[in-house]
Amino acid sequence: MSLAKSLADAVQRAANRAVEQRAASWSLARVTVVNSNGTVDIDTARGPVAGVRRLKSYSAPAVNDVVKVSRNADGNWIVDGALA
């Protein structure tokens, strides 16, 4: 493989990682702690996240609930609600 091709591949991988890190996304998580201040701690595929705000409609969070979570480009998380 040529040096130019190796460099082009490395730049492409770096660009893909940068876009992925800045993109908003949603995923599933499990509630690990229900805090008294309206937040929950969750365990995601990316690892644990503490102190995540939840929507008012998710009014009765419980440990072990499987929830839909969203993450924006700045890295902020929100719990949208529990799955039925």
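The text that follows walks through the structure, step by step, so that each part is easy to find. Since the model is a prediction, treat every value here as computed from it, not as a measurement. (Residues numbered from 1 in each chain as written. Predicted model: local features only at pLDDT ≥ 70, side-chain atom pairs only at ≥ 80, totals over all residues. Heavy atoms only, no water.)

1. Observations concerning the overall build of the chain
Quick note on the threshold: Secondary structure counts use DSSP, requiring at least four H or I residues in a row for a helix and at least two E residues in a row for a strand, with both numbered from the N terminus. Values of the radius of gyration come from C-alpha atoms, whereas the globule rule sets the reference at 2.2 Å times the count of residues to the power 0.38.
Assigned secondary structure in the chain consists of one helix and five strands. Ordered by position from N to C terminus, the α and β elements of the chain give α-β-β-β-β-β. The C-alpha radius of gyration of the chain comes to 17 Å, more than 25% above the 12 Å expected for a compact globule of 84 residues. Considering only C-alpha atoms, the chain reaches an extent of 60 × 20 × 20 Å along its principal axes.

2. A word on the pairing of strand β1 (residues 25-34)
Heads up, the rule is: A pair of strands is labelled paired if DSSP reports no fewer than 2 bridges between them.
Relative to strand β4 (residues 66-71), β1 is paired through six bridges, and the arrangement is antiparallel. Within β4, the position partnered with Arg 30 by the bridge is Val 66. By the bridge criterion, four bridges tie β1 to strand β2 (residues 39-44) in an arrangement that is antiparallel. Looking at β2, one finds that Val 34 is bridged to Val 40.

3. Comments concerning the nonpolar core
The condition is simple: We define the nonpolar core as a collection of buried residues of types Ala, Val, Leu, Ile, Met, Phe, Trp, Tyr and Cys that are connected through side-chain atoms lying within 4.5 Å of one another. To sort residues, take the accessible area from a 1.4 Å probe on protein chains only and compare it with the maximum for the residue type: under 20% means buried, over 50% means exposed, and anything in between is partly exposed. What makes two residues a contact is simply this: any of their non-hydrogen atoms within 4.5 Å.
Among the nonpolar cores identified, the biggest contains eleven residues, and these are Ala 29, Val 31, Val 40, Ile 42, Val 49, Val 52, Tyr 58, Val 67, Val 69, Trp 77 and Val 79. Those elements giving two or more residues to this core turn out to be β1, β2, β3 (47-54), β4 and β5 (77-82). Apart from residues lying up to four places away in sequence, Val 31 is in contact with Val 40, Asp 41, Ile 42, Tyr 58, Ala 62, Val 63, Asn 64, Asp 65 and Val 67.

4. Details of unusual backbone geometry
Positive phi, close to 80°, is recorded for Asn 64, a residue that is not glycine. For Asn 64, the position within the fold is in the loop between β3 and β4.

5. Digging into the sheet that holds β3
Cut-off, in case you're wondering: Note on geometry: axes are lines fitted to C-alpha atoms, helical ones only across the stretch in contact, with angles between N-to-C directions running from 0 to 180 degrees.
Sheet architecture is closed into a barrel: five strands sit in the order β1-β2-β3-β5-β4, paired in mixed fashion. In this sheet, adjacent strand axes meet at a mean angle of 50° when their direction is disregarded.

Keep in mind these numbers describe shape, not what the thing actually does.
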